[in-house]
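Here is how the chains run, residue by residue.
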Amino acid sequence: MTTEKQKHYSTCTLCEAMCGIEVTTQGTEILSIVGDKLNPFSEGHVCPKAMALKDLYDDPQRIRTPLEKTADGWQEVSWEYALDKVANSLFEVQQKHGVESVATYLGNPNAHNMGAILFGPYFYRALKSHNRYSATSVDQLPHHIVSRQLFGHQSQIPIPDIDHTQHFMIIGGNPLASNGSIMTVPHIKRRLKAIQNRGGKVVVIDPKKSETADISSEHHFIRPGTDALLLLAMIHTLFDKKLIAAKELLGFAPDLLSVEQYVSEYSAKRVAPLTGIGETEIIALVESFCAAGPAVCYGRMGASVQAFGTLTQYLIMLFNMLSGNLDRQGGMMFTQPAADLLPHSGRGSIANFHTRVRNLPAFAGEFPVSALAEEILTEGDGQVKAMVIGAGNPILTTPNGPQLDKAFEKLDFVVAVDFYITETSRHANIILPPVTALERDHYDIVFHNFAVRNSSKFSPAIFPISDTTKTDWQIYLGLAERLDRLNGLPTDRYGTLWDKEPKGVVDDLLKSGRYRYEGEPLSIDVLLKKPHGIDLGPLQPDLPEAIYHNDKKIHLSFDYFMTDLNRLEKHFFSAKLDTKNSSNLSEGDSLQLIGRRHLKTNNSWLHNSHRMVKGTNNGLSRCTAQIHPVDAAKHNIENQQLIIVTSRVGQVSLPAEITDKIMPGVISIPHGWGHNKKGSQWKTAEQHAGVSVNDLTDEMVLDELSGNAVLNGVPVTIGAA
Ligand SMILES: Nc1nc2c(c(=O)[nH]1)N[C@H]1C(S)=C(S)[C@@H](COP(=O)(O)OP(=O)(O)OC[C@H]3O[C@@H](n4cnc5c(=O)[nH]c(N)nc54)[C@H](O)[C@@H]3O)O[C@H]1N2
Ligand SMILES: Nc1nc2c(c(=O)[nH]1)N[C@H]1C(S)=C(S)[C@@H](COP(=O)(O)OP(=O)(O)OC[C@H]3O[C@@H](n4cnc5c(=O)[nH]c(N)nc54)[C@H](O)[C@@H]3O)O[C@H]1N2
Ligand code: SF4
Ligand SMILES: [Mo]
C-alpha cells in the first residue's frame, strides 16, 4: 500500500442525504473527510456526522474480529470457526424447534448497505423462517402500505419536488436535524431558503417549534397524533371551498372525487379543538396551499409513527392528488432511478400471515417489531428460540425495550452482525463484525429512488478487504451457503454469486436501465470514470409508467384505508374514551410524549464518537426532557432539574429542559440513548449514557391498520425526582 497521501471520492452512508465526500488517506489512515464540491448532487454539502465515519473507522472499541461469548468473557475466533458455529447453531435450533423458531431483526443501516440489501436475502431464504422483523415497523411502514395500495409497489413512493415547489408543507418532519427522510436532499437549508426567495412558503406543522420550523414561513403547533383529523379537515376544505384541481389525475384515479363522502363529517370547525389548530387557520392553510401554484404536502416520522400514521400518510397522498399536485413539477413526484431494483423486488404482500400471539398482520413478509418480545416469551409451537440481529439495536430503538431485553435472556442462541457490543449485541453468543462503510463498495440502491433529483454514483471501497475482514454481504452469503449445505440443498449457485459480487448486480441494473451516458449504456465502468457521480436531471412526470398495477390505474383502496375512520371516530369523539388507547388526548395530568433528533446523532450508534457527544446544550446533556414553562410551573419543575417520567410500561429519570419551543401538554425526549446497560462496551457512549425513551413507549399500542409502533403521542406523567 502506498504511503503517499491520496484523495478518494466517496459517499456518506450515515443518513439518507447521500452527500459526496472527499476522503484523504495515507496508507491505512484517514486524514480528513470533507464535502466533495464536484459532486453534482450534493455540491459540497456535508454535516458534522461525515467526520464520524473517520471516528468509526478509528474507534479502538470497534470490533474487528469475530467474538464468541465464553465462560471467560468474549474470545476472538476465526471467521471460519465463527461462520460454521453460527450456521450449525441456527440449524440445530431449527431441527429441534422448527424453522420458525429462528427470528431475524434488521436495523436501519442495512438500507444504506448495497451488499446487505442485495445478498442478505439469500441468507433469509436459506433460513426459511417467517419470523422476520425490522426497523420498518418503528418507522416508514405506513409509506410502504400506502404506495403498495395506490401505486402497486411498496417502494414506489413519490418525493417532494423541493427545487420547483412554491409551497412546501412539512407535517412531522424535521429535515434540518435529520437531513431529510424519504426525501434524499443534501443542502436542505439552502433549498428551503430558495423556496422562500422565489416567493414561496415553507409551512411546518409540528408540536415542536423545530429547527426547521425556526426557518419556516409559518409554524403551527399541532397536538400529537391528531394529524389525520387535520388532513381530513384539509380535504373537507378543498371540497367546501371548491378548490379541487384534480382533473388531470381523474384519468388515473376515476374514483378520486368520491373521497368527498368520507370527509363530509370532518369540517375544520369540528376538528379544530382536538388538533389545537383553529378553524380559520386550517382553512387558511388550505387556501394558501392552493393559491401557490405547484405545492406539496409531505409527512415524515411525526406523521407516520403515531396511532393513525397509515391513515395520515394516505390522506396526505389524497390531499396532494385532489389539489392537483401528484406527478406535477413542484409537487409530489416519482424518481427515475438509474439502477432500479423495484421491478425485481417484492411489491409488498399485505396481511397474508399473522403473528402467533397477538394475530398482528405481516407486511411484505415482516411482522411488527412490537410483537417480538411476546413471540420470544410466549411458549408454544413457533416460539422464537434464536435471533439473528443484523445492524440493529432494538433494545434501544423499539417500544418497551426493557421487556425485549429480558426476552433476549431467554433465547438459546443469538448472533449479531455488528461492529459494536451494544445494548442488543451484548446478548449474542457470536458477534460477526463487518467492515465500516468506507471499506466496502457503495451504490445507493435505496436512496437514489427517494432523491429530489435523478443522479447516479458508484463509490468503490477506499480500503481493500483483507483476509481477516469481511463485508456484510460476505457474512450473509457465507451463512447462506453453509445453511443450504446443512439442509442438504444444492450450493452450486453460490460460486457465481461470490464472483459477481453485489456490484455485478448493480452493473446489470444500470445496463438494463433507462439511461445512456455519452452514447454508452450506464454501467459501473462508466461510473468509475466519473468519481464525483453524474447528474441525470430533475424529476419527470411519470404517470402512468410509475404505476405497478397491471391496469395502470391508481387504486384508491377506500375499503382498506377508510374503514380506519371508525377507529378514529371512536378514539377522538366517543364520549367514553377507551383509556388504554386514548394515547392522543391529554387528560388530567398526563403529557403527550414525542421524539426528536439532533444533527449529531444517528439513532443509537454514533455516541461512541467523542466529536458527536462533546459540546454542550446549555450545560445539559443532549438527552433531556423538553417541556413547556406552563407544564414546568404546574409540576414545580425547574430548568435542569431531574424529573421522573412514567408511562404504562416504565419510568426514566432525566433532566428537564424548559422551553417555549414545545407545545404545552407535550414532552419531547430523543431516542437512541440509555447506554448504561451492563455488558455493552462503548466507553464514550457510556460516559454520555442518557436514558432510553423506549423504556417508556408501549408495545401494546399500535397504528392498528399497519402494526406500526406508536412512538409519538405516548401518554406519560411527570414529577420531580
Ligand atoms: N422513540 C423512538 N424510537 C425510535 C425512533 C424515534 O423517532 N423515536 N426512530 C426509529 C427509527 S426511524 C429507526 S430507523 C430505528 C433504528 O433502529 P435500529 O436500526 O434498531 O438501530 P440503530 O441505532 O440504527 O442501530 C444500528 C446498529 O447497526 C450497527 N451498524 C452500523 N453500521 C453497520 C453496518 O454497516 N453493518 C452492520 N452489520 N452493522 C452496522 C450499529 O453499530 C448499531 O448497533 O429507531 C427507531 N426508534
Ligand atoms: N441527525 C440525524 N439524522 C437522522 C437520524 C438521526 O437519528 N439523527 N435518523 C434517520 C432516520 S432513521 C430517519 S427515519 C429520519 C427521520 O427524519 P424526520 O422525520 O425528518 O426526523 P424527526 O426528527 O424524527 O422529525 C419528526 C418531527 O415530527 C414531530 N412530531 C412528533 N410527533 C408529531 C405528531 O404527532 N404530529 C406532527 N405533525 N409532528 C410530530 C417532531 O417534533 C419532529 O420535529 O432521520 C434520519 N436522519
Ligand atoms: S447529511 Fe447525512 S449523508 Fe450528508 S454528511 Fe451528514 S450524515 Fe452524511
Ligand atoms: Mo428511520
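The model shown is predicted, which means the values in this text are computed figures rather than measured ones.

The rules behind each value
- Within each chain, residues carry numbers counting from 1 in the order of the written sequence.
- Chain letters start at A and ligand numbers start at 1, both assigned in the order the entries are written.
- In keeping with the model being predicted, local features are shown solely for residues with a pLDDT of at least 70 and side-chain atom pairs are shown and tallied solely at 80 or more, while totals for entire chains, interfaces and linings include all residues.
- Side-chain figures throughout are based on the complete set of non-hydrogen atoms in the structure, without hydrogens or water.
- Each Phe, Tyr or Trp ring, with Trp reduced to its six-membered ring, pairs with another whose centre is within 6.5 Å; inter-plane angles below 30 degrees give stacked pairs, above 60 give edge-to-face pairs, and intermediate values give tilted ones.
- Helix numbers and strand numbers start at the N terminus; a helix is a DSSP run of H or I with at least 4 residues, a strand a run of E with at least 2.
- Note on classification: 1.4 Å probe, protein chains only; a residue is buried when its accessible area is under 20% of the maximum for its type, exposed when over 50%, partly exposed between these limits.
- Domain ranges listed in this record stem from an automatic or a database domain assignment.
- For any pair of parts, buried area is found by adding up, for both, the accessible area (1.4 Å probe) each one loses once the two are put together.
- Salt bridges, as used here, are contacts in which a Lys or Arg side-chain nitrogen is within 4 Å of a carboxyl oxygen on Asp or Glu.
- Polar contact is defined as a pair of N or O atoms within 3.5 Å, subject to the rule that within protein one atom must be able to donate a hydrogen and the other to accept it, and that residues adjacent in sequence are counted only when both atoms are side-chain atoms.
- By this definition, two strands are paired if DSSP reports at least two bridges between them.
- Consider each residue's heavy atoms; a residue with any of them within 4 Å of a molecule or strand counts as near.
- Calculation of accessible area relied on Shrake-Rupley with a 1.4 Å probe; when residues are assessed, cover is drawn exclusively from the protein chains displayed.
- Each residue is assigned to one class: nonpolar for Ala, Val, Leu, Ile, Met, Phe, Trp, Tyr, Cys and Pro, charged for Asp, Glu, Lys and Arg, and polar for all the others, Gly among them.
- Working rule for contacts: check all heavy atoms of both residues, and any pair within 4.5 Å makes them a contact.
- Axis definition: a line fit to C-alpha positions, over the contact stretch in the case of helices; interaxial angles, taken between N-to-C directions, run 0 to 180 degrees.
- Any angle from 65 to 115 degrees is called roughly perpendicular, while one under 35 is roughly parallel, one over 145 is roughly antiparallel, and all others are oblique.

(A) A look at the packing of aromatic side chains. Going through the model one piece at a time under the given rule, you end up with 21 aromatic pairs. The interplanar angle of 45 degrees and the centroid separation of 4.9 Å between the aromatic rings of Tyr420 and Trp682 together place this pair among those described as tilted. Pair noted here: Tyr420 is in the loop between strand S17 (413–417) and strand S18 (430–432) and Trp682 is in the loop between strand S29 (666–668) and helix H25 (683–687), with a separation of 262 residues, a long-range link. Residue Tyr420 is classed as buried on the basis of its relative accessible area of 3%. Using a relative accessible area of 1% as the deciding quantity, one classes Trp682 as buried. A network of ring pairs unites the aromatic residues Phe119, Tyr122, Trp473 and Trp498 as a single cluster.

(B) Here's a closer look at the domain arrangement of the protein chain. Here the domain parsing of the protein chain yields domain 1 (5–58), domain 2 (67–139 + 341–538), domain 3 (161–333 + 556–560) and domain 4 (578–720). Centre-to-centre, using C-alpha coordinates, domain 3 lies 27 Å away from domain 4. Between domain 3 and domain 4, roughly 2100 Å² of surface is buried when both sides are summed, and carbon and sulfur atoms account for 59% of that area. Ranking the residues of domain 3 by area buried against domain 4 places Lys208, Pro224 and Val305 at the top, with a combined share of 27%. For the pair domain 3 and domain 4, the number of links is one salt bridge. Our count for the domain 3 to domain 4 interface comes out at ten residue pairs in polar contact (both at pLDDT 80 or more).

(C) Here's a closer look at the pattern of salt bridges. Under the counting rule described, the total for this entry stands at 29 salt bridges. Among the salt bridges present, the one from Glu80 reaches Arg482, with a minimum N-O distance of 3.2 Å. Note that Glu80 is positioned in helix H2 (residues 79–97) and Arg482 in helix H18 (residues 472–486), a separation of 402 residues in sequence. Taking the shortest distance from any N to any O, the salt bridge between Glu374 and Arg358 comes out at 3.1 Å. With a gap of 16 residues between them, Glu374 in helix H15 (residues 372–377) and Arg358 in the loop between strand S14 (350–354) and strand S15 (361–363) connect regions that are remote in the sequence. In this structure, Glu374 and Arg358 share a single accessibility class: buried. Connected via shared salt-bridge partners are Glu80, Asp84 and Arg482.

(D) Just the pairing of strand S25 (residues 591–594), in detail. By the alternation rule, side chains of S25 split into Leu591 and Leu593 and Gln592 and Ile594, which are all buried. Two strands pair when backbone bridges link them, and S25 and strand S32 (residues 714–720) are joined in this way by three bridges, in the antiparallel orientation. By the bridge assignment for S32, Leu591 is matched with Val716.

(E) Summary view of the site of ligand 1. As a matter of local geometry, ligand 1 sits amid 29 residues, with Tyr105, Asn108, Asp418, Asp472 and Ser604 nearest to it. Take Tyr105: an N or O atom from its side chain is 2.7 Å from an oxygen atom of ligand 1. Within the side chain of Arg597, one N or O atom sits 3.1 Å away from a nitrogen atom of ligand 1. Protein burial of ligand 1: of its 920 Å² of free accessible surface, 97% is covered by the chains. Taken domain by domain, the makeup of the shell around ligand 1 includes at least three residues from each of domain 2 (67–139 + 341–538) and domain 4 (578–720).

(F) The site of ligand 3, seen in detail. The environment of ligand 3 is made up of Cys12, Leu14, Cys15, Ala17, Met18, Cys19, His45, Val46, Cys47, Lys49, Ala50 and Asn179. Grouping the amino acids of the shell around ligand 3 by side-chain chemistry returns nine nonpolar, two polar and one charged.

(G) Just the environment of Ala135, in detail. Along the chain, Ala135 falls in the loop between strand S7 (132–134) and helix H4 (141–151). What makes Ala135 buried here is its relative accessible area of 15%. Distance from Ala135 to Val716, taken between C-alpha atoms, is 24 Å for residues 581 residues apart in sequence. Leaving out residues up to four positions away in the same chain, Ala135 has contacts with Tyr105, Leu106, Gly107, Asn108 and Gln140.

(H) Region of interest: helix H11 (residues 268–275). Burial in H11 covers these residues: Ala268, Val271, Ala272, Leu274 and Thr275. Looking at the residues trailing H11, positive phi occurs at Gly276, about 90 degrees.

(I) Focus on the packing of H18 against helix H19 (residues 493–511). Axis separation between H18 and H19 bottoms out at 11 Å; the angle between their running directions is 175 degrees. Relative to H19, H18 is oriented roughly antiparallel. Contact residues: Trp473, Gln474, Leu477, Gly478, Ala480, Glu481 and Asp484 in H18; Arg493, Tyr494, Leu497, Trp498, Glu501 and Pro502 in H19. Here the residues of the contact of H18 with H19 sort into seven nonpolar, two polar and four charged.

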